[in-house]
Structure formats: C-alpha cells, structure tokens
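This is what each chain is made of:
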Amino acid sequence: MTFGSNLNLNTDRPTFVTHLECSMTGERYEADRLHGLSRVGRPLLVRYDLEAVRANLPRPMLAARPTDLWRWRELLPVRRTENIVSLGEIETPLIPLSRSAGGDTVLVKDEGRLPTGSFKARGLVMAVAMAKELGVRTIAMPTNGNAGAALAAYASRVGIETIVFCPEDTPEVNVREIALQGARVYRVNGLIDDCGAIVGKGAAEGRWFDLSTLKEPYRIEGKKTMGLELAAQLGWTLPDAIFYPTGGGTGLIGMWKAFDEMEALGWIGSERPRMYAVQASGCAPIVRAFEEGVEHAERWEDAHTVAAGIRVPRAVGDFLILRAVRASGGKALGVGDPAILKAVDDCARQDGLLLCPEGGATLAAYREALRTGEVDAEEKVVLFNCATGLKYPMPEAPNWLDRHQPIDFDAL
Ligand SMILES: *Cc1c(COP(=O)(O)O)cnc(C)c1O
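Residues numbered from 1 in each chain as written. Predicted model: local features only at pLDDT ≥ 70, side-chain atom pairs only at ≥ 80, totals over all residues. Heavy atoms only, no water.

A.B. asks: What is the right way to read unusual backbone geometry from this model?
C.D. replies: Residues apart from glycine generally show negative phi values, whereas peptide bonds are mostly found in trans. Even without being glycine, Leu214 reaches a positive phi, approximately 65°. Looking at the element boundaries, Leu214 is found in the loop between strand 9 (209-210) and helix 7 (218-223). In the Ramachandran plot, Asp302 falls in the positive-phi region, its phi being about 55° despite a non-glycine side chain. (Helix = DSSP H or I, 4+ residues; strand = E, 2+ residues; numbered from the N terminus.)

A.B. asks: What should I look at first to understand the layout of surface pockets in this one?
C.D. replies: Size it by volume and the largest pocket reaches roughly 680 Å³. Every residue lining the largest pocket is counted, 43 residues in all, and those nearest its centre are Ile192, Thr213, Gly247, Gly248 and Val312. Among the secondary structure elements, those contributing two or more residues to the lining of the largest pocket are helix 4 (146-158), helix 6 (192-204), helix 7, strand 10 (241-245) and helix 9 (250-264). Ranked by residues supplied to the lining of the largest pocket, first place goes to helix 6 with 4 residues. (1 Å grid on protein atoms, 1.4 Å probe; cavity = no way out; pocket = protein on both sides within 12 Å on 5 of 7 lines; lining within 4 Å. Points joined across faces, edges and corners; volume = space filled by probe spheres on them.)

A.B. asks: For this particular structure, what's the right way to read helix 9?
C.D. replies: Counting along an α-helix, one turn takes 3.6 residues, and residues three or four places apart therefore face a common direction. Between its terminal C-alpha atoms helix 9 stretches 21 Å, which fits the 21 Å expected from 15 residues at 1.5 Å a residue. With 12 of its 15 residues buried, helix 9 lies for the most part within the structure. Considered for burial, the residues of helix 9 that qualify are Thr250, Gly251, Leu252, Ile253, Gly254, Met255, Trp256, Lys257, Ala258, Phe259, Glu261 and Met262. One or two residues past the end of helix 9 sits Gly266, with phi positive at roughly 75°. (Expected span 1.5 Å × (residues − 1). Buried < 20%, exposed > 50% of the residue type's maximum accessible area, 1.4 Å probe, protein only.)

A.B. asks: Where do I start with the pattern of salt bridges in this structure?
C.D. replies: Note on pairing: side chains with opposite charge can pair once their charged atoms come close. Tallied over the entire structure, the rule returns 35 salt bridges. With its nearest N and O atoms 2.7 Å apart, the salt bridge here joins Arg187 to Glu172. Here Arg187 is found in strand 8 (residues 184-188), whereas its partner Glu172 is found in helix 5 (residues 172-180), with 15 residues between them in sequence. According to the relative accessible area criterion, Glu172 is partly exposed, its value standing at 41%. (Salt bridge = Lys/Arg side-chain N within 4 Å of Asp/Glu carboxyl O.)

A.B. asks: I tried to follow the site of the ligand on my own but got confused; where do I start?
C.D. replies: As a matter of local geometry, the ligand sits amid 18 residues, with Lys120, Lys223, Tyr244, Gly247 and Gly249 nearest to it. In this structure, Asn146 approaches the ligand through a side-chain N or O atom, which is 3.0 Å from an oxygen atom. Within the side chain of Lys223, an N or O atom sits 2.8 Å from an oxygen atom of the ligand. Taking 380 Å² as the accessible area of the ligand by itself, protein coverage stands at 96%. Secondary-structure elements contributing two or more residues to the shell around the ligand are strand 10 and helix 9. Looking at the shell around the ligand, its residues break down into 7 nonpolar, 8 polar and 3 charged. (Near = heavy atom within 4 Å. Polar contact = N/O pair within 3.5 Å; in protein donor to acceptor, adjacent residues only side chain to side chain. Areas by Shrake-Rupley, 256 points an atom, 1.4 Å probe, with all protein chains shown as cover. Nonpolar A, V, L, I, M, F, W, Y, C, P; charged D, E, K, R; others polar.)

A.B. asks: Help me understand a nonpolar patch on the surface in this model?
C.D. replies: Taken together, the side chains of Leu401, Ile407, Phe409 and Leu412 make up a nonpolar region of the molecular surface, amounting to roughly 450 Å² of accessible area. Among the secondary structure elements, Ile407 is positioned in the segment after strand 13 (381-385). (Patch = residues over 30% accessible without salt bridge, like charges linked within 9 Å, V, L, I, M, F, W, Y side chains within 5 Å.)

A.B. asks: Which parts of the structure should I look at to understand the nonpolar core?
C.D. replies: Note on soluble globular proteins: their nonpolar side chains tend to be buried together. Within the largest apolar cluster, 102 residues are counted, with the highest numbers of intra-cluster contacts made by Leu124, Leu151, Ile242, Phe259 and Trp267. At 9 residues, helix 3 (residues 120-133) tops the list of elements feeding residues into this core. (Core = buried A, V, L, I, M, F, W, Y, C linked by side-chain atoms within 4.5 Å.)

A.B. asks: How should I be thinking about the packing of helix 12 (residues 337-351) against helix 13 (residues 357-372) in this particular structure?
C.D. replies: Any two packed helices are characterised by the angle at which their axes cross and by the distance between the axes. Close contact between helix 12 and helix 13 brings their axes to 7 Å; oriented N to C, the two are set at 95°. As judged from the angle between their axes, helix 12 and helix 13 are roughly perpendicular. Across the interface between the two elements, Ala339, Ile340, Lys342, Ala343, Val344, Asp346 and Cys347 of helix 12 pack against Pro357, Gly360, Ala361, Leu363, Ala364 and Arg367 of helix 13. Of the residues that constitute the contact of helix 12 with helix 13, the class distribution is 9 nonpolar, 1 polar and 3 charged. (Axes fitted to C-alpha atoms, helices over the stretch in contact; angles between N-to-C directions. Parallel < 35°, antiparallel > 145°, perpendicular 65-115°, else oblique. Contact = heavy atoms within 4.5 Å.)

A.B. asks: Hey, could you run me through the sheet that holds strand 2 (residues 28-29) in this one?
C.D. replies: Think of a sheet as strands paired side by side through backbone hydrogen bonds, with each pair either parallel or antiparallel. Spatial ordering of the open sheet is given by 2-1-3, a layout of 3 strands whose pairing is antiparallel. Looking at strand neighbours, the two that pair on one side only are strand 2 and strand 3 (44-48), the edges of this open sheet. (Pairing = 2+ DSSP bridges.)

Right, here's the structure in full:
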C-alpha cells in the first residue's frame, strides 16, 4: 500500500466522527466501539463534526485527489489509515442511455465496475475496514449473493474469518465466488430474512459479529459515497430524479444522508432529486407501505422475482427509505419481471450496456414513469445499475455453423 498506489491510501488524514445516533430516537452512542442496532432495534447513523470537515476539506482540495472512494476520507468513519482495505474502489462512470431510455437526459451510474462486480463493494469495504479497526475476528452475514461476495473478498484480504448464508436458489456463480474468495458459505432452504435469523442467533451466542444490511452502522457510510460521487461528477449539482433498486435500501438511505452532509458543508444547495425506490412487483413491501401511507413495511410473503438483489421481504431501515422517498417528492414503484427483462434486453441491444436485472428494474420503472407523466422527457435522471450484467443468466445464442459445409453468406 505504500508504493506505486494511485489511490488515496497513503496520507494520514484526520477523521471527524463525533458519535453515532439512533435513526429512530436520536439517542447518542459512543464512536470507536463495536455497535449493532440501537437499543430500539433500528439502524445507527454515523455523525461527523461537519464544521471541522468544512474547514479542513475545501472542494478544490478534493478535486486534486484521485477520484476513488477513499478521496472522501474525511466524511468516512475509518480513523487509522492502516485499517483501510482496498481492491480499487473506482469512481463509477455515468453512461447516457440514448436509445433504450429515449433521451440523452438519462444516465446510468454503472456500479458493475466496482470490485466483486457490484456496489456492495462500497458498503462492505467500509464495514470490513471498521470491523478490523474495532478488532472483530469473525463475521457472519445473510446474502442474496453480491454482499456475500464483497464481504468474502475484503474480509479475506484483512484476515477476518467469514461465514455466509444464502437462500438455496442463489445463483451458482455467486455462491462459488463467495467460496473461492475465502468464506464458508451455506445454502439455506429459505429467504434472506430466514438466513438473517440464523446469523442473528449465532451473534447472540457470541459466535460472530452480525454484518447484516443496516445492522451495523458502516455499510451506509460506504454506500453514501454514491451520492457524494454523483454530485462531484455532475459539477456539484444533483439530477432531477434518481431511480434506485431498493432491497434493504442502504444506498438510498446513504445517498440521502450524503446530500444533507454536502449541504451542511456548503457543497450543494437545498434542492434534492426526487428519489424513486424501485422494487419488483413480486416483492414490493416498500411500495405497498408507500401507497398505504404508513411508516413501516410489513413482511412481503412469497417473495419472488428475477431480480434477486431486491428480493428482500423485510427491511430494518424501512422507515428511513420511506421518509427519504416522501421528503424528496418521489415514489416507491413496482415493476414486473417481464418489464425488467425487456429493459435489460433493450439496453444491451440498443445501448450496448449490459445491466443486471436490478438495474433493468430501474430502467423499466423509468420508462413507466415517463409513460404516466411522473417524469418529463427533459428531466435529468440517474438510474443505478448496481452490478455487472455478466454474473447473471443471459438468453441463449444457439446459432451454429459447420465450416465443412458450404456457407450461405446471404443467410448470416
Ligand atoms: C444489494 C443489491 C441491491 C439492493 O441494494 P440496497 O442498497 O441494499 O437496497 C440491488 N441490486 C443488487 C444487484 C444488489 O446486490
């Protein structure tokens, strides 16, 4: 880490965490200690001395740094540089979808280019660095695939033992990736919250630290870098609308937090994008709660969708997702699997960009929102493609040619 790295890992910089805070009650918790959920069973949020950050991190200074995730160091929780772990968390590009979305105003933030091929790397790189800083030796986690892969990669790199539980129909490629990257991985006959219950039980017995989505405070901090990056990439403005594929909602909650922090730093104004939480109609607890006008989402029974990353029947941060969506003037939108697959197909064929199904869900939701007048064609929109399309099943390509027979070139 000391020679030849072009990442922001070399300089010791001050960090500015003051405390942690219960997202529900506002109760304060001490920083620099191992925490799970708050006393009322809700996520903890990391708070910073933003006045001090403002004094120490003028925007031009940021602009001079390499653009990876660690450029935001002053707004991240890791205290000691030696605890930083990295596999090259680059700033992900914004790709215009000129044909499949019907306009140049739609950008895809392509998170599939991150280590382990998904934006789970942002959350897990932070959670693992903090686990290292706080002396954790063993971690367990439930996963639909990508989170487990990112955890396994980073934890193996710093020598933390990992045990991962995934639903039995998790794609083979994810399970093998997790195993190869050094975790002990188990398929479980149930959904992700059933896997979460096993992790919770083992954690209560003191066997491991529970790194489930939002059950430790630092994945949000990693995920919030999506919001920071977006503002920097768009010249310190934000788009009119963001379509985010919502499972546990870490990214949506994180970006919303990042916007507030940037406003406090004087980096952006008070305008916010409309946040659209996109779910699959076969697993849409947040959409249902949004439409019913309630603050918490009930568990979604018999969850099913091709978009496994958003097949999350129950989210511990439900009220944070719903609050951000409502405060932004956005909505929670459900899209069916056929529309998701069609969006993936069109985007690949027309724009040359291979989305994951969850990314396809955001394009499908955008198209529907355009049709209903929820968004205008001129509005600047960002869709999140959260993982590389290469990890997912693709349609067959059955053409075959016998080179020993005469070739009908006209028919090719
Ligand atoms: C985890 C995941 C999501 C959901 O992200 P959250 O921020 O937890 O809501 C969406 N898509 C993919 C591919 C994922 O791996």
